[in-house]
Amino acid sequence: MNHSEIVSFLWGVADLIRDTFKRGKYQDVILPLTVLRRLDCVLAATKERVLKRQAELKGKGLQDLDAQLRCASGFAFYNNSRYDFEKLLADAPHLAANLRNYIAGFSPNMREVLERFDFDNTISKLDEAGLLFQVLERFKNVDLHPDKVDNPTMGTIFEELIRKFNEALNENPGEHFTPRDVVHLMVDLMLAGDEGRIRRKGIVCTVYDPCCGSGGMLMITKEHITTGWRRNGDIIRPPINPDAEIHLFGQEVNPETWAVSKSDLFMKDPTGRDADNIAYGSVLSNDRHAGRSFDYLIANPPYGKDWKRDEDAVRAEHERGASGRFAPGLPRISDGQLLFLLHMLAHMKEPKEGGSRIAIIMNGSPLFTGDGGSGESEIRRYILENDLLEALIALPEQLFYNTGIATYVWLLTNRKAPERRGKVQLIDASGFWVPMRKSLGDKRREIPPERAQDILKILADFRDGDTRRITKDEKEEEVVVSRIFPTTHFGYRKITVERPLRLNFQATTDRIARLEEEKGFQNLAQSKKKGAAGEKERAEGRRLQDAIRAFLRGLPDTLFKDRTEFEPVLDAAARKANLKLSAPVRKAILSALSERDETAAICRDKDGNPEPDPVLRDTERVPLPEGDDPADADGVPASVRAFFDREVRPHVPDACIDTTKRDPKDGRVGLIGYEINFNRYFYRYTPPRPIEEIEADIRAIGQDIVRMLAEVTGTNAA
């Protein structure tokens, strides 16, 4: 059977257990038994040798047999139970007890893996339902021996099963499983340009995935380097260096997928080294590889998933500043994608140690979410100002199994080639796809090897304005697929533009009535006291309100266009009425009796400075210049002053820049922000159809309607 047939066969267990287990719990049965069956087949050839060696060593009185039994099994794990799947089924009445004995016979490192499945409860449930024998027999009938199912195929089987479980649970598409065509492309992008480095004799490379799921990205990276890219037995691309020593590292928060990843690596690597490097737990709050750096880092973090469970630890580490991973900034709590990217940046090797390369796939949100000064913008600022972003590649939609959203591969490195320094390449590969013969959930498209190779060529050529012929809406057209910009192109300085407050004042009936809506006036008739004291205070407040209304009605209805002229009139009338106006009440009266008036005099504070009008307040984004940008005595950069004089002052001569709002890092006026509006750089204008064509279509539709009505009514169309 090929891998699809095996997956269908194993998934068929659902027909046996559907009355006992809910659809979302199928994985509790299928996944651990798939792992157990694979382990059973892998260890079959050396099972007797392990049992014989155990008997010999125990006969000599030895107790610590772990190392010797590993050696006997040929792997970093073993099973010293006398049972296997055949013998378990031969003793049906005691199947549950014997199965537990079989699981307990695994070496401690493999038992730790199996315990993550919490399989003991599942055994009890299957046994109580009378299903344990049938289910185990079905698994016994599938041969998962390495001679029949090689390691890459077995990895695909695990991931296909996990994909099906996720679909049953309707889980986040990027949380566990990335389509293989996407993984192959990401691995190639991550290794691009490093072939010479990897081919060096005696090379040792470390690869890390902080949210490794079932380990597919790590394993495919190792395969690309040491065995090549194979598809259905055919070699798509030969290995880069079969003799390279590749060490894999990862961390995973989901216990079941962690167990699959670790068990799979134990079977693929007889030394057990890679499996030992797969840690369990949330990488955001508990970095199990802290202090270690890696040559290559690759990940598909969950999209749009909050980080509330890790919030306390993440914020505490952010407060530590440069000594922590999250110093540049924190994204909003609802989406933690950029936290994974910061974590990966913190695990890069220093350039003097050879540097690192990162490939991470995320949705569009990290490109532009967050205004200047926000956590997201500050993270982008850190990446671009430190010249870490090498390229962004837009992938086709409908690539993932549970969503059709657009995704982008971020390619980062701290050892850019000289010609790439200070620049970022944007590649629009959204048209590089072919339709799948059969859709898998929302996945209707895939990136074939030849299109992936073309993407790598575009990256390597590094040409601004590079084009390709793309089929869109059944039409083939030549489109730009590569743009190159300086890192500062994505930055801006956000300034606040103020206009002076201009008010007129008049004691009309309508304006006096507006006083009732002012909080400062309403508070006069309120009290925090209780009982008689409170009622007395409220009564006094109401009397004061009546007195204020009366004295305002006695004011002249003259229209004042200067506050400095109206205030003496107001204060004089209050004194005459023996009223002492508190600051909140006076402010409420001025607010009620005023209206904005462009022809009025500017309102000024006690120091004579113009007061800003919050209603007319606006912001402008000033593009960052490529070169030096000196600031004047007020801290306003030259680029900002030039922009303001050119774009703002001609339209609003009385506007000014708020010099109090400054960037906390460089101290200059305006908050620096960064965003990458990817689609803007590849937008293609499509002119509307000529009006004559549209009119002709409308007439044709009208004629069709008349004809159909005539057929219904049996009359002749005119």
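Residues numbered from 1 in each chain as written. Predicted model: local features only at pLDDT ≥ 70, side-chain atom pairs only at ≥ 80, totals over all residues. Heavy atoms only, no water.

A few words on unusual backbone geometry. Negative phi characterises most residues that are not glycine, and trans characterises most peptide bonds. Of note, the phi angle at aspartate 118 is positive, near 50 degrees, even though the residue is not glycine. Even without being a glycine, phenylalanine 462 presents a positive backbone phi close to 55 degrees.

Moving on: the packing of aromatic side chains. Enumeration over the complete set of coordinates arrives at 16 aromatic pairs. Between tryptophan 11 and tyrosine 26, the ring centres sit 5.9 Å apart and the planes meet at 70 degrees, which makes this aromatic pair edge-to-face. Here tyrosine 26 lies in helix 3 (residues 26–43) and tryptophan 11 lies in helix 1 (residues 3–11), a separation of 15 residues in the sequence. Pair check on accessibility: tryptophan 11 and tyrosine 26 agree, each one buried. (Phe/Tyr/Trp six-rings, centres within 6.5 Å; stacked < 30°, edge-to-face > 60°. Helix = DSSP H or I, 4+ residues; strand = E, 2+ residues; numbered from the N terminus. Buried < 20%, exposed > 50% of the residue type's maximum accessible area, 1.4 Å probe, protein only.)

Moving on: the pairing of strand 4 (residues 245–252). For strand 4, a buried count of 7 out of 8 residues is recorded, marking the element as mostly surrounded by other parts of the structure. Relative to strand 4, strand 1 (residues 204–209) runs parallel, the two sharing 6 bridges. The residue of strand 4 that forms the bridge with cysteine 205 is isoleucine 246. (Pairing = 2+ DSSP bridges.)

At a minimum axis distance of 10 Å, the contact between helix 12 (residues 180–191) and helix 14 (residues 216–226) shows a crossing angle of 55 degrees. Here helix 12 lies oblique to helix 14, going by the angle between them. In this structure, the crossing between helix 12 and helix 14 has a hand that is right-handed. Across the interface between the two elements, Arg180, Val183, His184, Met186, Val187, Asp188, Met190 and Leu191 of helix 12 pack against Gly216, Met217, Ile220, Thr221, His224 and Ile225 of helix 14. (Axes fitted to C-alpha atoms, helices over the stretch in contact; angles between N-to-C directions. Parallel < 35°, antiparallel > 145°, perpendicular 65-115°, else oblique. Left-handed = near helix turned anticlockwise from the far one by under 90°. Contact = heavy atoms within 4.5 Å.)

A few words now on the layout of surface pockets. When its volume is computed, the second largest pocket comes out at roughly 870 Å³. Forming the boundary of the second largest pocket are 29 residues, of which Asp428, Ser430, Lys472, Glu477 and Arg684 lie nearest the centre. Counting only elements with at least two residues in the lining of the second largest pocket, the list comes to strand 13 (467–472) and strand 14 (475–480). Broken down by element, the residue count for the lining of the second largest pocket peaks at 4 residues, all from strand 14. The residue inventory of the lining of the second largest pocket, partitioned by class, reads 15 nonpolar, 5 polar and 9 charged. (1 Å grid on protein atoms, 1.4 Å probe; cavity = no way out; pocket = protein on both sides within 12 Å on 5 of 7 lines; lining within 4 Å. Points joined across faces, edges and corners; volume = space filled by probe spheres on them. Nonpolar A, V, L, I, M, F, W, Y, C, P; charged D, E, K, R; others polar.)

On the surface, a cluster of nonpolar side chains totalling about 380 Å² of accessible area is made up of Ile701, Ile705, Met708 and Leu709. As for its position among the elements, isoleucine 705 is in helix 28 (residues 691–713). Exposure remark for isoleucine 705: the relative accessible area of 44% places this residue in the partly exposed category. (Patch = residues over 30% accessible without salt bridge, like charges linked within 9 Å, V, L, I, M, F, W, Y side chains within 5 Å. Areas by Shrake-Rupley, 256 points an atom, 1.4 Å probe, with all protein chains shown as cover. Salt bridge = Lys/Arg side-chain N within 4 Å of Asp/Glu carboxyl O.)

Okay, the pairing of strand 12 (residues 443–446) next. When strand 11 (residues 434–440) meets strand 12, the two strands line up antiparallel, connected through 3 bridges. The partner of proline 435 across the bridge, within strand 12, is arginine 445. Between the end of strand 11 and the start of strand 12, which pair antiparallel, lie 2 residues, with glycine 441 showing a positive phi angle near 65 degrees.

Buried residues of helix 5 (residues 66–73): Asp66, Leu69, Ala72 and Ser73, and no others. Projected down its long axis, helix 5 carries its buried residues within an arc of 125 degrees, all on one side. Helix 5 presents Ala67 and Cys71 as exposed residues on the side facing more than 90 degrees away from its buried surface. Looking at the buried residues of helix 5, the elements they touch are helix 3, helix 4 (47–59) and helix 8 (108–115). Of the residues trailing helix 5, glycine 74 is marked for its positive phi of about 85 degrees. (Arc of directions from axis to C-beta.)

It is worth spelling out the pattern of salt bridges at this point. Going through the model one piece at a time under the given rule, you end up with 59 salt bridges. A salt bridge links lysine 268 to aspartate 264; its shortest N-O distance comes to 3.2 Å. Pair noted here: lysine 268 and aspartate 264 are both in helix 15 (residues 255–268), with a separation of 4 residues, about one helical turn.

This brings us to the sheet that holds strand 15 (residues 482–486). With mixed pairing, 9 strands are arranged side by side in an open sheet as 5-4-1-6-7-9-8-10-15. With partners counted over all chains shown, the strands left at the sheet margins are strand 5 (278–280) and strand 15, one partner each. Each neighbouring strand pair of the sheet contributes to a mean axis angle of 15 degrees, computed without reference to strand direction. Here helix 14 sits on the sheet and contacts strand 1, strand 4, strand 5 and strand 6 (296–299); the angle it forms with strand 4, its principal contact strand, is near 170 degrees. Sheet strands touched by helix 18 (residues 337–346): strand 1, strand 6, strand 7 (357–363) and strand 9 (407–413). Its angle to strand 7, the strand with the most contacts, is close to 180 degrees.

Orientation of helix 18 relative to helix 20 (residues 375–385), taken along the N-to-C sense of each, is 30 degrees, at an axis distance of 11 Å. Our classification of the angle between helix 18 and helix 20 gives roughly parallel. Handedness of the crossing formed by helix 18 with helix 20: left-handed. Only Glu376, Ile379, Tyr382 and Ile383 of helix 20 make contact with helix 18, whose side of the interface consists of Leu338, Leu341, Leu342 and Leu345.

Everything listed here is a matter of geometry and, on its own, says nothing about what the molecule does.
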